[in-house]
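Results of the structural survey
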Amino acid sequence: MPKEFTSEPNARESAVIAGRNAVTEALKKGRPIDCIYILKGADRGSVGKIIALAKERGVPVKDAAAQKLDALCGGVVHQGVAAMAACHDFSTMEDIFAKAGDQPPFIIICDNIEDPHNLGAIIRTAEAAGAHGVIIPKRRGVGLTATVAKTSAGAVEYMPVVRVANIVSTIEELKQKGLWIFCADMDGKPWCSADMCGPIGIVVGAEGSGVSRLTKEHCDFVVSLPMNGQVNSLNASVAAAIVIYEAVRQRSGLPAFTSNK
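For the structure given in this document, a descriptive report is provided here. Values in this document were obtained by computation on a predicted structure and should not be read as measured data. (Residues numbered from 1 in each chain as written. Predicted model: local features only at pLDDT ≥ 70, side-chain atom pairs only at ≥ 80, totals over all residues. Heavy atoms only, no water.)

**Some words on the layout of surface pockets**
When its volume is computed, the second largest pocket comes out at roughly 370 Å³. Residue lining of the second largest pocket: 20 residues in total, with Ala184, Asp185, Met186, Ser233 and Leu234 positioned closest to the centre. Breaking the lining of the second largest pocket down by element, the ones donating at least two residues are strand S9 (180-190), strand S10 (200-205), strand S11 (221-224) and helix H9 (236-251). Considered class by class, the residues forming the lining of the second largest pocket number eleven nonpolar, seven polar and two charged. (1 Å grid on protein atoms, 1.4 Å probe; cavity = no way out; pocket = protein on both sides within 12 Å on 5 of 7 lines; lining within 4 Å. Points joined across faces, edges and corners; volume = space filled by probe spheres on them. Helix = DSSP H or I, 4+ residues; strand = E, 2+ residues; numbered from the N terminus. Nonpolar A, V, L, I, M, F, W, Y, C, P; charged D, E, K, R; others polar.)

**Quick look at the side chain of Asp185**
In this structure, Asp185 sits in strand S9. Classification of Asp185 by relative accessible area gives buried; the value is 18%. Excluding its chain neighbours within four sequence positions, the residues that come into contact with Asp185 are Gly210, Val211, Lys216, Val222, Val223 and Ser224. (Buried < 20%, exposed > 50% of the residue type's maximum accessible area, 1.4 Å probe, protein only. Contact = heavy atoms within 4.5 Å.)

**Regarding the nonpolar core**
Among the nonpolar cores identified, the biggest contains 38 residues, and Phe106, Ile108, Ile123, Val134, Met196 and Ile202 are the most heavily contacted of them. Going through the elements one at a time, strand S6 (106-111), helix H5 (116-129), strand S7 (133-137), helix H6 (146-151), S9, S10 and H9 are the ones with two or more residues in this core. Among the elements that line this core, the one with the most residues is H9, at seven residues. (Core = buried A, V, L, I, M, F, W, Y, C linked by side-chain atoms within 4.5 Å.)

**Focus: a nonpolar patch on the surface**
Taken together, Leu234, Val238 and Ile242 make up a surface patch of nonpolar side chains, about 200 Å² in accessible area. Looking at the secondary structure, you find Ile242 in helix H9. (Patch = residues over 30% accessible without salt bridge, like charges linked within 9 Å, V, L, I, M, F, W, Y side chains within 5 Å. Areas by Shrake-Rupley, 256 points an atom, 1.4 Å probe, with all protein chains shown as cover. Salt bridge = Lys/Arg side-chain N within 4 Å of Asp/Glu carboxyl O.)

**Focus: helix H7 (residues 167-176)**
All of the buried residues along H7 are Ile167, Val168, Thr170, Ile171 and Leu174. Each buried residue of H7 lies within a common arc of 160° when the element is viewed along its axis, so the set occupies one face. Looking at where H7 begins, the residue whose side-chain oxygen comes 3.0 Å from the main-chain nitrogen of Val168 is Asn166. Phi turns positive one or two residues past the end of H7, at Gly178, with a value near 100°. (Arc of directions from axis to C-beta. Polar contact = N/O pair within 3.5 Å; in protein donor to acceptor, adjacent residues only side chain to side chain.)

Written as structure tokens, this is what we have:
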């Protein structure tokens, strides 16, 4: 019988929801869902209700081969439909500003991060650095999967993660609230020469493709890390950590260099 099952025995609320009825009910109840996979070539009429509900709630629907669905569902009958449920509830923008309180907001914005290990590491760094929230897109990016939660080493329990429909629109809204938006990408000013002491958002793009052109155009500043080797890019989470901790240094009032003499 189609059912919901836990993909990792000890992962809280980390589940693949298998079967048409189970997925339909999860959508009706508003369960946080990262995406829905539907068997490639399946009659769209038979799963029309699921597609309509997913569209209404802004949940991405993707085609998947039978082998992928079988692997995801681990032998459970899926009827050509499976949903990836979020391992943790998403927060709201209000939660981020509430966490900031009287401090200048410090927000990390992930643009097209598809590797769950990178997103988990970014959330972990953001939490350790004292950032107030992480923003991810509903589409073209990984959600709060079990791998993300595990890689974050528990940081998802403390760091507000907000999922938005449009990163560019969100950036514009943040700018209206007084935030300066810094894009970590190529061909910018040195990362340590930008003033990150006030209310800021730091945009990090996927390894390889980087920050999308449209997103970059809407940022106030572009900051870059020196690439002196043969490889011209860093892992997204590593690049994010360097820029995040430069902001931490500045916001803490620590000097860039202290002589021992």
